[in-house]
Amino acid sequence: MRLSSYFLPTLKEDPAEAQIVSHRLMLRAGMVRQASAGIYSWLPMGLRVLRNVEQIVREEQNEAGCQEILMPTIQSADLWRESGRYDGYGQEMLRIVDRHDRDMLYGPTNEELITDIFRNSVRSYRDLPKLLYHIQWKFRDEVRPRFGVMRGREFLMKDSYSFDLDHAAARRSYNKMFVAYLRTFRRMGLKAIPMQADAGPIGGDLSHEFIIQADTGESEIYCDTEFLNFDTSNTEYGDDKHIKNIVDYYTSLYACTDEKHEQEVFEREVPEIRRYVGRGIEVGHIFYFGTKYSEKMNAAVTGPDGSDIVVEMGSYGIGVSRLVGAIIEAYHDDAGIVWPDSVAPFAVGIINLRSGDTACDIACEDLYAKIQAASIDVLYDDRDERAGAKFADMDLIGVPWQLIVGPRGSKSGIVEVKRRATGEREEFSLEAALSRVLS
Ligand code: ATP
Ligand code: MG
């Protein structure tokens, strides 16, 4: 992509409405624009990151044996009356009446709809277990939408649902999703800590929130700081026993959100210097709730002996759009965003320090063509701008590798390679620079 023709409306000044750094940087870097309170349009750069985050989530769901579907955003109120949640959900639900006077709603979550799909399609115990997910926009009419995409009213969520024959099997599905979450967040460079959590309006008796530490987070958390020293590489799936071992390891230390926190236990289990009391951002939440929906909505399969068995269910959410903000909270500095490679909108940026200078233009075009040919996302700053402005913009939008081409170097075939995260700069030949950023 050539920056001269790219739609990247960056802002020089800090927008007054943004209270936290991720919101500020997303507006300044031209990633999103507010459409109305808590509702955002995603501009090209923001959308690239959102898609990258979504893709990591998708790959890890698929890897865990979860199958992708796509349910609609608009649902019928009737299903929610069956589960009993239509009245209970309260003002967070956006209710809509269609032209035939039918009550509809913009889905805040999908337990009812997936249970309906399941009961109409699955009849036998032999078809279990089933794990299904979709990545779809949700609407919750939050009292206080704020912090940009972190607490929006319309937001993108990945939600999965598991269907099993009995409690033990349901636990296996829960454990599998638990591990999928560890893998997902790690790939984004995040240290998400699984914490015992309250099940809230979803219901159920087993639940973990995946939370990353951040002073700007809205969750109150209590945990053992030993978590941050965990060896997070041991998340290969293996058999059920191995998966359970991983879950046991990650739940062996104290970690609770405020609803589950018990000060006495905290003080007993965690040595004083390891007690973290602070705030965090909830990026995922998993629930086991048994037959809460399947019983009310009559989702049953025929068992081996011919009798009906009401299925055991769980649901598993990830805040895909919130993650974009959360990653920025974890990765930024005074100059702007510092994207981890895995989610970066462009892997490489090329800065032409003197557009119009023949040697610079030729060197940059050559690099640009070769990087594109390698199917690597590259942003080429070919604008007729001051060098300082180009450096500032490339740092603001956080491109991890930057190739800097100036008049002096380009004559002798030298380019400077800069790593955004460390600020390190080193000179290479064109070929060596390419192999550095393409490896
Ligand atoms: P919160 O406690 O932050 O309000 P929740 O517990 O109501 O979230 P869940 O029902 O667990 O949310 O939804 C699954 C995931 O969706 C959450 O872990 C979070 O990452 C994300 N999410 C929930 N509400 C919002 C929102 N208003 N804006 C952006 N992401 C959200
Ligand atoms: Mg939650």
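A short tour of the structure in this document, coming up. (Residues numbered from 1 in each chain as written. Chains lettered and ligands numbered in written order. Predicted model: local features only at pLDDT ≥ 70, side-chain atom pairs only at ≥ 80, totals over all residues. Heavy atoms only, no water.)

Attention now moves to the pattern of salt bridges. Scanning the model with the defined rule gives 35 salt bridges in all. Here aspartate 377 and arginine 48 are joined by a salt bridge, their closest N and O atoms 3.6 Å apart. Remark: arginine 48 occurs in helix H2 (residues 44–63) and aspartate 377 occurs in the loop between helix H11 (358–373) and strand S20 (378–381); sequence separation between them is 329 residues. A residue is classified by how much of its surface remains accessible, and aspartate 377, at 40% relative accessible area, is partly exposed. One salt bridge in this structure joins glutamate 82 and arginine 119, with 2.8 Å as the shortest N-O distance. Linking glutamate 82 in helix H3 (residues 77–83) with arginine 119 in helix H5 (residues 111–121), this pair joins segments that are 37 residues apart in sequence. (Salt bridge = Lys/Arg side-chain N within 4 Å of Asp/Glu carboxyl O. Helix = DSSP H or I, 4+ residues; strand = E, 2+ residues; numbered from the N terminus. Buried < 20%, exposed > 50% of the residue type's maximum accessible area, 1.4 Å probe, protein only.)

Following the criterion strictly, the structure yields 17 aromatic pairs and no others. Ring plane angle 55° and centroid distance 5.7 Å describe the contact between tyrosine 106 and phenylalanine 139, whose orientation is recorded as tilted. Note that tyrosine 106 is positioned in strand S6 (residues 103–106) and phenylalanine 139 in strand S7 (residues 130–139), a separation of 33 residues in sequence. Residue classification places tyrosine 106 among the buried positions, given a relative accessible area of 13%. Take phenylalanine 139: its relative accessible area is 7%, and that puts it in the buried class. Aromatic pair tyrosine 174 and tyrosine 316: ring centres 6.3 Å apart, planes at 55°, arrangement tilted. Of the two residues, tyrosine 174 is situated in helix H6 (residues 167–187) and tyrosine 316 in strand S16 (residues 312–319); the sequence distance between them amounts to 142 residues. Tyrosine 316 matches tyrosine 174 in its accessibility class, with the two residues each being buried. Taken together, the ring pairs in this structure connect Phe178, Tyr181, Phe185 and Phe210 into an aromatic cluster. Its end group placed over the ring of tryptophan 401, arginine 419 keeps NZ or CZ at 4.4 Å from the ring centre. Here the guanidinium or amino end of arginine 425 rests over the ring plane of phenylalanine 391, the centre of that ring lying 5.3 Å away. (Phe/Tyr/Trp six-rings, centres within 6.5 Å; stacked < 30°, edge-to-face > 60°. Lys NZ or Arg CZ within 6 Å of the ring centre and 35° of its normal.)

Moving on, we get to unusual backbone geometry. Among all residues save glycine, negative phi is the norm, and among peptide bonds the norm is trans. That bond from leucine 128 to proline 129 is cis: its omega, 0°, falls within 30 degrees of zero. Inspection of the secondary structure puts proline 129 in the loop between H5 and S7. Notably, aspartate 101 is not glycine yet its phi reads approximately 70°, a positive angle. For aspartate 101, the position within the fold is in the loop between strand S5 (94–97) and S6. A relative accessible area of 65% places aspartate 101 in the exposed class.

Let's shift gears to the site of ligand 1. Near ligand 1, the surroundings consist of 14 residues, among which Arg140, Glu142, Arg151, Gly152 and Glu282 are the closest. Side-chain polar atom of glutamate 142 to a nitrogen atom of ligand 1: 2.8 Å apart, as the coordinates give it. Here a nitrogen atom of ligand 1 sits 3.4 Å away from a polar atom, N or O, in the main chain of methionine 150. In isolation ligand 1 exposes 580 Å². Once the protein is present, 85% of that is buried. Taken together, the elements giving at least two residues each to the shell around ligand 1 come down to strand S8 (154–164) and strand S13 (275–290). If one sorts the elements of the shell around ligand 1 by residue count, S13 sits on top with four residues. When the residues that make up the shell around ligand 1 are grouped by side-chain class, the tally is five nonpolar, four polar and five charged. (Near = heavy atom within 4 Å. Polar contact = N/O pair within 3.5 Å; in protein donor to acceptor, adjacent residues only side chain to side chain. Areas by Shrake-Rupley, 256 points an atom, 1.4 Å probe, with all protein chains shown as cover. Nonpolar A, V, L, I, M, F, W, Y, C, P; charged D, E, K, R; others polar.)

Assignment of secondary structure puts glutamate 312 in strand S16. In this structure glutamate 312 is buried but unpaired, with arginine 171 as the nearest side chain of opposite charge at 9.8 Å. A distance of 2.4 Å separates the side chain of glutamate 312 from the side chain of tyrosine 288, its partner in a polar contact. Residue contacts for glutamate 312: discarding those within four places in its chain leaves Ser162, Phe163, Asp164, Leu165, Asp166, His167, Ala170, Tyr288, Gly290 and Thr291. (Lys, Arg positive; Asp, Glu negative; His and termini not counted. Contact = heavy atoms within 4.5 Å.)

Strand order in this open sheet of three strands is S4-S6-S5, and the pairing throughout is antiparallel. Two strands bound the open sheet, and with one partner strand each, they are strand S4 (74–76) and S5. On average, each strand axis in the sheet is tilted by 35° relative to the strand beside it, whichever way the strands run. (Pairing = 2+ DSSP bridges. Axes fitted to C-alpha atoms, helices over the stretch in contact; angles between N-to-C directions.)

A few words on the pairing of S20. The two faces of S20 match: Val378 and Tyr380 on one face and Leu379 and Asp381 on the other face are all buried. In this structure, strand S19 (residues 348–352) lies alongside S20, joined through four bridges in parallel fashion. Note that in S20 the partner of valine 348 across the bridge is valine 378. For the crossover from S19 across H11 to S20, the handedness is right-handed. (Right-handed = clockwise from strand over helix to strand, strands pointing away.)

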